[in-house]
Amino acid sequence: MTGPVPLARLFAIAYRTLIDGLHRRLAERGWTGVRVNYGFVLLAARGGGLRGADIAALLGVSKQAASKLVDAMCDDGYVAREPDPGDERAKQIVLTDRGLALLAAVEEIYAELESEWAAVLGAGAVETLRADLTTALEHSHGGRLPVITPP
């Protein structure tokens, strides 16, 4: 190939590098068995309770598959099912203290990974990259960052 590497390919490599680094460091800190899809659910639930159908739509899976994932996350102590205040018949999925602790560990590790990039590129370059990506993504999505979903 001649010419510059396509941005899509670089973003895919960067994503894989960061996610692999995240999961390696989580395991090193005792957070074993954390599945990639847990992160999407935890981030979405951080804003408030979700229903199973919300998780199915977020992940692009059936309600049954979403329910199995939530069961596993409940078993691991990251989320809990609670009565939905808007509908007595429904349950909402909410973060537990353990789920919040996992999210805090993830944010800490992401900061470490970004610091490593800053050591190579410079802190200003990393902040410029963040600002430029934010601007481009917001422009492409009606002025705000979209919810992150699995590839």
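Heads up: the structure comes first, above all this text.
This text gives an overview of the structure that appears in the document.

Reading guide: rules and limits
- Residues numbered from 1 in each chain as written.
- Predicted model: local features only at pLDDT ≥ 70, side-chain atom pairs only at ≥ 80, totals over all residues.
- Heavy atoms only, no water.
- Axes fitted to C-alpha atoms, helices over the stretch in contact; angles between N-to-C directions.
- Helix = DSSP H or I, 4+ residues; strand = E, 2+ residues; numbered from the N terminus.
- Parallel < 35°, antiparallel > 145°, perpendicular 65-115°, else oblique.
- Contact = heavy atoms within 4.5 Å.
- Nonpolar A, V, L, I, M, F, W, Y, C, P; charged D, E, K, R; others polar.
- Expected span 1.5 Å × (residues − 1).
- Polar contact = N/O pair within 3.5 Å; in protein donor to acceptor, adjacent residues only side chain to side chain.

Let us now look at the packing of helix α5 (residues 97-121) against helix α6 (residues 123-140). Between α5 and α6, the least distance of the axes is 6 Å, while the angle of their chain directions is 120°. By the angle class used here, α5 and α6 are oblique. In this structure, α5 uses Glu114, Trp117, Ala118 and Leu121 to contact α6, whose residues at the interface are Ala123, Ala125, Val126, Leu129 and Arg130. Considering only residue class, the contact of α5 with α6 consists of seven nonpolar, no polar and two charged.

Taking 1.5 Å of rise per residue, the 13 residues of helix α4 (residues 63-75) would be expected to cover 18 Å, and the 18 Å separating its terminal C-alpha atoms lies within 8% of that figure. Looking at the buried positions of α4, the neighbouring elements they touch are α2 (36-46), α3 (52-59), β1 (79-84) and β2 (87-95). At the C-terminal side of α4, glycine 77 shows a positive phi close to 85°.

Turning our attention to the side chain of arginine 25. Mapped onto the fold, arginine 25 is located in helix α1 (residues 7-28). A polar contact is formed between the side chain of arginine 25 and the side chain of glutamate 112, at a distance of 3.1 Å. Excluding residues within four positions of it along the chain, arginine 25 makes contact with Ile109, Glu112, Leu113 and Glu116.

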